[in-house]
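Results of the structural survey
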Amino acid sequence: MSTRTYEFEGVSLDRARWIIGLVVPAVLVVGWHLAVVTGVFPPYQLPKPLSVLETLYSLAVSGELSGHVSVTVQRVFFGCVIGMTAAVLLGTLTGISRTASALLDPLFQSLKNIPSLAWVPLFLLWFGIGEVAKVLLIAVGAFFPVYLNLSTGLHAVDDELREVAEVYDLTRYETLKSVVFPAALPSLFVGVRSGVGLAWMFVVAAELIGASQGLGFLMKNGRVLSRPDLIVGAILLFALFGNITDLAVKEVEKRVVDW
């Protein structure tokens with residue numbers, strides 16, 4: 001009986017958190033509307049919230065919006081897969097090998113400080129303006145948070161856990177599989193959440209240059225046409241899909257870490 005009550009209360013608490021989380025965005029939208037209607041911002045600089053919704057609705061009805069969204073989501077997906085796969089491999093290598101860490105970690109620590117836009121000219125030179133350049137640019141953004149958090153998490157595994165493995169006479173492979181990697185999983189998921197967030201930031205840089213589809217292209221098109229409703233609408237969609245993917249990663253983390 002008490003277990004069911006606890007579960008019911010847990011659901012109520014989750015709903016309450018959702019409601020509380022909507023308070024600040026709702027206040028911002030109201031403030032946004034008031035700022036436009038009172039003349040603080042002219043409509044050609046900041047459109048009304050309703051104007052943005054109408055623009056997005058018209059794009060959705062025409063089918064144009066789904067095309068832009070699907071292209072951007074695909075780019076982010078493949079960029080994350082490539083970047084995070086490389087990050088897990090190299091993060092594991094530097095996390096369990098001091099020699100590999102001494103050789104590779106200083107390089108990656110330096111490369112992570114390069115801004116996203118600084119990669120664009122080089123990638124355009126190497127790969128042209130096709131999809132390869134865009135996906136690899138996103139992969140760069142997804143790579144570094146996962147690599148850094150996983151490598152750090154593996155280094156930070158408590159020595160007592162390793163000693164327990166020695167007591168049970170586990171092999172090195174068994175120790176890594178059963179002790180070290182499970183202990184580093186929380187750090188890995190922190191990196192994945194950050195990597196997905198950076199992937200959504202890098203896709204903007206990728207689509208602002210040399211793209212004919214995508215939310216970044218929609219934003220650029222809004223600037224060219226002096227359509228702030230398109231620009232703001234694209235920004236809101238980036239925020240929406242970025243939040244959705246973050247919630248998805250959190251759900252996977254909850255299931256994997258608590259398993």
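Residues numbered from 1 in each chain as written. Predicted model: local features only at pLDDT ≥ 70, side-chain atom pairs only at ≥ 80, totals over all residues. Heavy atoms only, no water.

So, the overall build of the protein
Across its full length, the protein holds 10 helices and zero strands. For the protein, the succession of helices and strands along the chain, N to C, is α-α-α-α-α-α-α-α-α-α. Burial statistics for the protein: of 259 residues in total, 36% are counted as buried. By sequence separation, contacts in the protein at least 24 residues apart represent 73% of the contacts at least 6 residues apart. Just so you have it, the protein exposes about 15700 Å², and 68% of that area is on carbon and sulfur atoms. (Helix = DSSP H or I, 4+ residues; strand = E, 2+ residues; numbered from the N terminus. Buried < 20%, exposed > 50% of the residue type's maximum accessible area, 1.4 Å probe, protein only. Contact = heavy atoms within 4.5 Å. Areas by Shrake-Rupley, 256 points an atom, 1.4 Å probe, with all protein chains shown as cover.)

As for the packing of aromatic side chains
Counting across every chain of the model gives 11 aromatic pairs. Seen in terms of ring centroids, F143 and F144 are 5.0 Å apart; in terms of plane orientation they differ by 85 degrees. Their pairing is edge-to-face. Across the pair, exposure class does not vary: F143 and F144 are buried alike. An aromatic cluster of three or more residues is present, and its members are F108, F143, F144 and Y147. (Phe/Tyr/Trp six-rings, centres within 6.5 Å; stacked < 30°, edge-to-face > 60°.)

Here's the deal with the side chain of S151
Checked against the element boundaries, S151 lands in helix 6 (residues 131-155). Overall, S151 belongs to the buried group, its relative accessible area being 4%. Setting aside residues up to four positions removed in sequence, S151 forms contacts with G91, T94 and G95.

Here's the deal with the nonpolar core
Of all hydrophobic cores here, the largest spans 51 residues; its most connected members are C80, M84, L137, V192, V196, V203 and F238. When residues of this core are traced back to their parent elements, those giving at least two are helix 1 (2-37), helix 2 (49-62), helix 3 (64-96), helix 5 (116-127), helix 6, helix 8 (172-208), helix 9 (215-224) and helix 10 (228-257). For this core, the element with the most residues is helix 8, which contributes 14 residues. If we skip the residues at most four places from it in the chain, V196 touches C80, M84, T245 and V249. (Core = buried A, V, L, I, M, F, W, Y, C linked by side-chain atoms within 4.5 Å.)

Quick look at the confidence of the model for the protein
Averaged over all residues, the pLDDT of the protein is 85; the fraction at 70 or higher stands at 87%. The least confident element of the protein, judged by mean pLDDT, is helix 7 (residues 159-167) at 66; the most confident is helix 3 at 94. Contacts from residues 1-9, a stretch scored under 50 in pLDDT, to residues over four places away or in other chains number zero contacts. (pLDDT = per-residue confidence, 0-100.)

Notes on the pattern of salt bridges
A full pass over the atoms with the stated rule returns six salt bridges. With a closest N to O distance of 3.0 Å, R227 and D229 form a salt bridge. Residue R227 is classed as partly exposed on the basis of its relative accessible area of 32%. Across the pair R255 and E251 runs a salt bridge, and its minimum N-O distance is 3.3 Å. Placement of the pair is R255 and E251 together in helix 10, with a separation of four residues, close to one helical turn. Judged by relative accessible area, which is 33%, E251 ranks as partly exposed. The network of salt bridges with common partners includes R75, E131 and E207. (Salt bridge = Lys/Arg side-chain N within 4 Å of Asp/Glu carboxyl O.)

Notes on the side chain of T92
Mapped onto the elements of the fold, T92 is located in helix 3. Among the polar contacts listed, one links the side chain of T92 to the backbone oxygen of V88, at a separation of 2.6 Å. Discounting residues that sit within four places of it in the chain, T92 has contacts with A87, L150, L154 and F181. (Polar contact = N/O pair within 3.5 Å; in protein donor to acceptor, adjacent residues only side chain to side chain.)

Digging into a nonpolar patch on the surface
A surface patch of nonpolar side chains, amounting to about 520 Å² of accessible area, comprises L122, L125, W126, F127 and V132. Looking at the nonpolar patch element by element, the count peaks at four residues for helix 5. Its place among the elements puts L125 in helix 5. A relative accessible area of 67% means that L125 is categorised as exposed. (Patch = residues over 30% accessible without salt bridge, like charges linked within 9 Å, V, L, I, M, F, W, Y side chains within 5 Å.)

Topic: helix 2
Over its 14 residues, helix 2 runs 20 Å from end to end, which matches the ideal 20 Å to within 8%, given 1.5 Å per residue. Along helix 2, the positions that sit buried rather than exposed are P49, V52, T55, L56 and L59. Projected down its long axis, helix 2 shows its buried positions confined to an angular sector of 125 degrees, all on one face. For helix 2, the exposed residues set more than 90 degrees away from the buried face come down to L50, L53, Y57, V61 and S62. Taken from the residues just after helix 2, G63 is the one with a positive phi, measuring 90 degrees. (Expected span 1.5 Å × (residues − 1). Arc of directions from axis to C-beta.)

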